[in-house]
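Per-entry structural report
Here is how the chains run, residue by residue.
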Amino acid sequence: MDDQPQLQLFEIKELSPTSLRCTVRCVAGTVRLGATVELRPVAGRPVAGNLTVTAIEYAGGVVMEFVDLGRTALVTVTGPIDEVALRTVAAGDGPEQVAAVDLRLVVR
C-alpha cells in the first residue's frame, strides 16, 4: 500500500450512504480528481471500495484538480459507503476525529 497514492483522513465533515466529505493530508503520491479509491485502515481490510474523488478544495475554498504529497485538503468521495462499518472502525475516537485510527483513501 505504501507505493500507492493515498490520503490520510483527519476529520469526517459529512457522511452519508453515498458520500464522504473529510479533511485529509496526502501521505503518498498525488491523488487526482476522478480517481477511484478505497477507504481502509492503514493495516486492514477496506471499509469501502469503488469510491470516486469528486471534489478537492484547498484552504480558503480554492478548488483544485489534485492533492499532492504533504498538502492538506477538503475532499469529497462518492459511492457506496457502509456508515455502520466506518463508525465501527473509528469507534472510540468519535465520528469526526479519525486520525488515531489512521484511515486512508488509497488509489486503486
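These remarks concern the structure in this document. (Residues numbered from 1 in each chain as written. Predicted model: local features only at pLDDT ≥ 70, side-chain atom pairs only at ≥ 80, totals over all residues. Heavy atoms only, no water.)

Looking now at the environment of F66. Positionally, F66 belongs in strand 7 (residues 66–68). Given a relative accessible area of 26%, F66 falls into the partly exposed group. Spatially, the C-alpha atom of F66 lies 9.4 Å from that of G34, the residues being 32 residues apart in sequence. Filtering out sequence-adjacent residues up to four positions away, F66 remains in contact with T30, V31, R32, I56 and Y58. (Helix = DSSP H or I, 4+ residues; strand = E, 2+ residues; numbered from the N terminus. Buried < 20%, exposed > 50% of the residue type's maximum accessible area, 1.4 Å probe, protein only. Contact = heavy atoms within 4.5 Å.)

Assignment of secondary structure puts T88 in helix 1 (residues 83–89). For T88, a relative accessible area of 53% translates into the label exposed. Remark: the alpha-carbon pair of T88 and V47, spanning 41 residues in sequence, is separated by 9.8 Å.

Let us now look at the pattern of salt bridges. A full pass over the atoms with the stated rule returns six salt bridges. The salt bridge partner of D68 is R71, with a shortest N-O separation of 2.9 Å. Classification of D68 by relative accessible area gives partly exposed; the value is 23%. Classification of R71 as partly exposed rests on a relative accessible area of 42%. With a shortest N-O distance of 2.8 Å, R104 and D102 are connected by a salt bridge. Overall, the relative accessible area of 12% leaves R104 in the buried class. Through salt bridges with shared partners, a single ionic network connects E38, R40 and R108. (Salt bridge = Lys/Arg side-chain N within 4 Å of Asp/Glu carboxyl O.)

The next thing to look at is the environment of R87. Residue position: R87 is located in helix 1. Taking the C-alpha atoms as reference, R87 lies 9.9 Å from V47; in sequence the two are 40 residues apart.

Just distances and angles here, no functional claims.
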